[in-house]
Amino acid sequence: MRSKLERWYPVTFGFFITALCYLLFRSKPLPSSLKDIFSAATTLSGIAVGFLATAMSILFTISNTFVVKQIKNTNKYTRLINYFMDAINWSFLLAAFSLVGLFIDINNLGVWQWSAFGIWLFTLITSGLSSYRVIRVFAAILRAAN
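This text gives an overview of the structure that appears in the document.

1. Comments concerning the overall build of the protein
When helices and strands are tallied, the protein shows five helices and zero strands. Sequence-ordered secondary structure for the protein, helices as α and strands as β, is α-α-α-α-α. Dimensions of the protein, computed from C-alpha atoms along their principal axes, come out at roughly 55 × 30 × 20 Å. Per-residue burial for the protein yields a buried fraction of 36% across its 146 residues. The contacts in the protein between residues at least 6 apart in sequence include a share of 86% that link residues at least 24 apart. When the accessible area of the protein is evaluated, it comes to approximately 9,000 Å², of which 69% is carbon and sulfur surface.

Right, here's the structure in full:
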């Protein structure tokens, strides 16, 4: 059961937090500083992709160590690689949506502005939680090495 929770909590929490924000704030106007937020999110997601790709390459580099061999023996190595790829993919998607948000003023989308912002917010939250999941699992591996 814990495995299913670990696998799906970034998407599940992303959906619920986005739905909650949508229900609570949809009657209010979007912030006027969205361009700055999209710019920061583009930068942050680019950094996340670089960090995650570097961490993944480190994992490949230490693949002959005792700890990584133990992870491979318990069939958790593939799941860890999948978590890395999920986080990288969500970060790329966040960068793409944020980049689009820099060029399109979503405040001019009328009734669709909160839907567009909700999609972006869901991607932001899911990307962040996916990255956190990788960091948490990777830290557990490093702790086990001691």
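Back to the write-up after that little detour.
2. Looking at a nonpolar patch on the surface
Together, Leu99, Val100, Phe103, Ile104, Leu109, Val111 and Trp112 make up an exposed nonpolar region whose accessible area comes to about 780 Å². Inspection of the secondary structure puts Ile104 in the loop between α4 (77–103) and α5 (113–144). A relative accessible area of 42% places Ile104 in the partly exposed class.

3. As for the nonpolar core
Grouped together as the largest cluster of nonpolar side chains are 19 residues, with contacts concentrated most on Leu52, Leu59, Tyr77, Leu80, Phe84, Val134 and Ile141. With near-sequence residues (within four places) excluded, Val134 lies in contact with Leu52, Tyr83, Phe84 and Ala87. Counting residues in hydrophobic clusters, the runner-up holds eleven residues, among them Leu30, Trp114, Leu121 and Ile125.

4. Thoughts on the packing of aromatic side chains
Across all of its chains, the model carries six aromatic pairs by this definition. Where Trp114 meets Phe117, the ring centres are 5.4 Å apart and the plane angle is 85°; that geometry is what we call edge-to-face. In this pair, Trp114 and Phe117 are both assigned in helix α5, three residues apart and thus about one turn of the helix distant. For Trp114, a relative accessible area of 10% corresponds to the buried category. An aromatic cluster is defined as three or more aromatic residues linked by ring pairs; in this entry it consists of Phe38, Trp114, Phe117 and Trp120.

5. Structural notes on the packing of helix α2 (residues 34–61) against α4
Running from N to C, α2 and α4 cross one another at 160°; their axes reach a closest spacing of 8 Å. In terms of axis orientation, α2 runs roughly antiparallel to α4. Considering the relative orientation of α2 and α4, their crossing is left-handed. Among the residues making up the contact of α2 with α4, the classes are represented as 23 nonpolar, six polar and one charged.

Conventions used here
- Residues numbered from 1 in each chain as written.
- Predicted model: local features only at pLDDT ≥ 70, side-chain atom pairs only at ≥ 80, totals over all residues.
- Heavy atoms only, no water.
- Helix = DSSP H or I, 4+ residues; strand = E, 2+ residues; numbered from the N terminus.
- Buried < 20%, exposed > 50% of the residue type's maximum accessible area, 1.4 Å probe, protein only.
- Contact = heavy atoms within 4.5 Å.
- Areas by Shrake-Rupley, 256 points an atom, 1.4 Å probe, with all protein chains shown as cover.
- Patch = residues over 30% accessible without salt bridge, like charges linked within 9 Å, V, L, I, M, F, W, Y side chains within 5 Å.
- Salt bridge = Lys/Arg side-chain N within 4 Å of Asp/Glu carboxyl O.
- Core = buried A, V, L, I, M, F, W, Y, C linked by side-chain atoms within 4.5 Å.
- Phe/Tyr/Trp six-rings, centres within 6.5 Å; stacked < 30°, edge-to-face > 60°.
- Axes fitted to C-alpha atoms, helices over the stretch in contact; angles between N-to-C directions.
- Parallel < 35°, antiparallel > 145°, perpendicular 65-115°, else oblique.
- Left-handed = near helix turned anticlockwise from the far one by under 90°.
- Nonpolar A, V, L, I, M, F, W, Y, C, P; charged D, E, K, R; others polar.

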